[in-house]
Amino acid sequence: QVQLVESGGGLVQPGGSLRLSCAASGFTFSSFPMNWYRQAPGKERELVAGITSAGGSTNYADSVKGRFTISRDNTKNMVYLQMNSLKPEDTAVYYCNAKRDGVYTRREYWGQGTQVTVSS
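Below is a summary of the structure that appears in this document. Quick caveat: nothing in here was measured; it's all calculated off a predicted structure.

1. Here's the deal with the side chain of threonine 114
Point 1. One can find threonine 114 in strand 11 (residues 114-118).
Point 2. When its relative accessible area of 11% is taken as the criterion, threonine 114 is described as buried.
Point 3. If we ignore the near neighbours within four places in the chain, the residues touching threonine 114 are Glu6, Ser7, Gly8, Gly9, Leu20, Ala92, Val93 and Tyr94.

Encoded structure:
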């Protein structure tokens, strides 16, 4: 079955760094664009970063541009989110997402999430 398993979350001080990883299985990973979303308490889930299926193009939320980097390794079925210069407002549950739109259908998968807490 399809699985997206995130890891790498935790508690970090402001200004620190974390690297999130997402291991994918059960689908053709290399054909799916991948995304990282986050959801803070009391807020809606928001898109943080996305990467195309071959990794040639990325996009970021304005709030994380210049601080976060998304990457993928299609040989390992992995996607990563390198987070630098972390701020307290980055505190959230981070979710790995695979989403591919066809002409008539959308295939979309979610991980269970990993908590990131930025606090001194």
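Now that the structure has been shown, the text picks up again.
2. Observations concerning the nonpolar core
Point 1. Leu4, Met34, Trp36, Val79, Leu81, Met83 and Tyr94 are the most contacted members of the largest nonpolar core, which has 30 residues in total.
Point 2. Put simply, the parts of the chain that give this core at least two residues each are strand 3 (18-25), strand 4 (34-39), strand 5 (46-51), strand 7 (68-73), strand 8 (78-83), strand 9 (92-101) and strand 11.
Point 3. Sequence-distant contacts of methionine 83, defined by excluding residues within four places in its chain, comprise Gly16, Ser17, Leu18, Leu20, Arg67, Phe68, Tyr94 and Val116.

3. Re the pairing of strand 1 (residues 3-7)
Sheet faces and side chains relate simply in a regular strand, where the side chains alternate between the two faces.
Point 1. Burial of strand 1 is one-sided: the residues Leu4 and Glu6 facing one way are buried, the residues Gln3, Val5 and Ser7 facing the other way are not.
Point 2. In this structure, strand 1 lies alongside strand 3, joined through 5 bridges in antiparallel fashion. Looking at strand 3, one finds that valine 5 is bridged to alanine 23.

4. Focus on the state of the cysteines
Point 1. For the structure shown, the criterion picks out 1 disulfide.
Point 2. A sulfur-sulfur distance of 2.1 Å marks the disulfide that ties cysteine 22 to cysteine 96. Judged by the sign of its S-S torsion, about -85°, the bond between cysteine 22 and cysteine 96 is left-handed. Highlighted residues: cysteine 22 in strand 3 and cysteine 96 in strand 9, separated in sequence by 74 residues.

5. Focus on the packing of aromatic side chains
Point 1. If you walk through the whole model with that rule in mind, you get 6 aromatic pairs.
Point 2. Seen in terms of ring centroids, phenylalanine 27 and phenylalanine 32 are 5.0 Å apart; in terms of plane orientation they differ by 75°. Their pairing is edge-to-face. Like phenylalanine 27, the residue phenylalanine 32 is buried in the burial classification.
Point 3. Above the face of the tyrosine 95 ring, arginine 45 is positioned so that its terminal group lies 3.8 Å from the ring centre.
Point 4. Directly above the ring of phenylalanine 29 sits arginine 72, whose terminal nitrogen or CZ lies 4.4 Å from the centroid.

Rules behind the numbers
Residues numbered from 1 in each chain as written. Predicted model: local features only at pLDDT ≥ 70, side-chain atom pairs only at ≥ 80, totals over all residues. Heavy atoms only, no water. Helix = DSSP H or I, 4+ residues; strand = E, 2+ residues; numbered from the N terminus. Buried < 20%, exposed > 50% of the residue type's maximum accessible area, 1.4 Å probe, protein only. Contact = heavy atoms within 4.5 Å. Core = buried A, V, L, I, M, F, W, Y, C linked by side-chain atoms within 4.5 Å. Pairing = 2+ DSSP bridges. Disulfide = S-S within 2.5 Å. Phe/Tyr/Trp six-rings, centres within 6.5 Å; stacked < 30°, edge-to-face > 60°. Lys NZ or Arg CZ within 6 Å of the ring centre and 35° of its normal.

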